[in-house]
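Descriptive structure summary
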Amino acid sequence: MASFVTLRPATRDDAAELAILSDIASHGFASWLWLGELGGTGSDTPMELGRLKMRRDEGYGTWRQAVLAEAYGETAGAAIGYALGEDVKSMEVDRVALQPVIDLQKKVVGSWFIATLGVYSHLRGIGIGREILKDQIDRAGTLPVSLITASDNEAALSLYKKNGFSEAARQNAMSLFESSRKHEWVLLTRDAR
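These numbers were taken from a predicted model, which means no experiment stands behind them.

Focus: the pattern of salt bridges
- Taken as a whole, this structure holds twelve salt bridges when the rule is applied.
- Between Asp 138 and Lys 134 there is a salt bridge, with the nearest N and O atoms lying 3.3 Å from each other. Of this pair, Asp 138 and Lys 134 both sit in helix α5 (residues 128–140), four residues apart, roughly one helical turn.
- Take Lys 134: its relative accessible area is 46%, and that puts it in the partly exposed class.
- Linking Arg 170 and Glu 184 is a salt bridge whose minimum nitrogen-to-oxygen distance equals 2.6 Å. Here Arg 170 is found in strand β6 (residues 166–172), whereas its partner Glu 184 is found in strand β7 (residues 184–190), with 14 residues between them in sequence.
- Given the relative accessible area of 26%, Glu 184 is considered partly exposed.
- Salt bridges linked by common partners bring Glu 37, Lys 53, Asp 94 and Arg 95 together as one network.

This is the structure:
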């Protein structure tokens, strides 16, 4: 591990950082999903709802499955990963934009799924993402590893391919806004060790 990077398990108190980094990693897709869920939650903003979701003790994508990277005295990035269970096959999707992502996840049930891997922009390009990814691969143990990224995220695609991932499938992504760039969701997999 690069000497300037420290990885540690997340705590419930890290929920706000996890919400921000999940939104960064998804290029705004997470906060768009949270915005759609706001009705009747008591939250004032999508990010507050994201923070509340990250604070949960149960379910996919919570603080319990997260690892934070710290560098130069600050939070630098995070990953959320877990063994993807059979229950994803019966998951009901309430927004059409989420359907392609869930369809891709259904192809990799039984793998270690990296749902989030994000690094703050001012700390990119110095190996933090690589260290977080290596940690997730180690956490997978004997499971194959999978993740989904956008086809226009060239930095992420390069990082994953340099670390043994290959493209397994693609699905068209729905544009969230008129100004959104057209892209596809790309499922990448890496064989078990």
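A short note on the packing of helix α1 (residues 15–25) against helix α2 (residues 29–37)
- Direction vectors running N to C along α1 and α2 enclose 115 degrees, while the axes themselves pass 6 Å from each other. On the basis of their axis angle, the class for α1 and α2 is roughly perpendicular. Of the residues in α2, those in contact with Ala 19, Ser 22 and Asp 23 of α1 are Phe 29, Ala 30, Ser 31 and Trp 34.
- Its residues assigned to classes, the contact of α1 with α2 shows four nonpolar, two polar and one charged.

Criteria and cut-off values
- Residues numbered from 1 in each chain as written.
- Predicted model: local features only at pLDDT ≥ 70, side-chain atom pairs only at ≥ 80, totals over all residues.
- Heavy atoms only, no water.
- Salt bridge = Lys/Arg side-chain N within 4 Å of Asp/Glu carboxyl O.
- Helix = DSSP H or I, 4+ residues; strand = E, 2+ residues; numbered from the N terminus.
- Buried < 20%, exposed > 50% of the residue type's maximum accessible area, 1.4 Å probe, protein only.
- Axes fitted to C-alpha atoms, helices over the stretch in contact; angles between N-to-C directions.
- Parallel < 35°, antiparallel > 145°, perpendicular 65-115°, else oblique.
- Contact = heavy atoms within 4.5 Å.
- Nonpolar A, V, L, I, M, F, W, Y, C, P; charged D, E, K, R; others polar.

Functional significance is not addressed by these values, which are geometric in nature.
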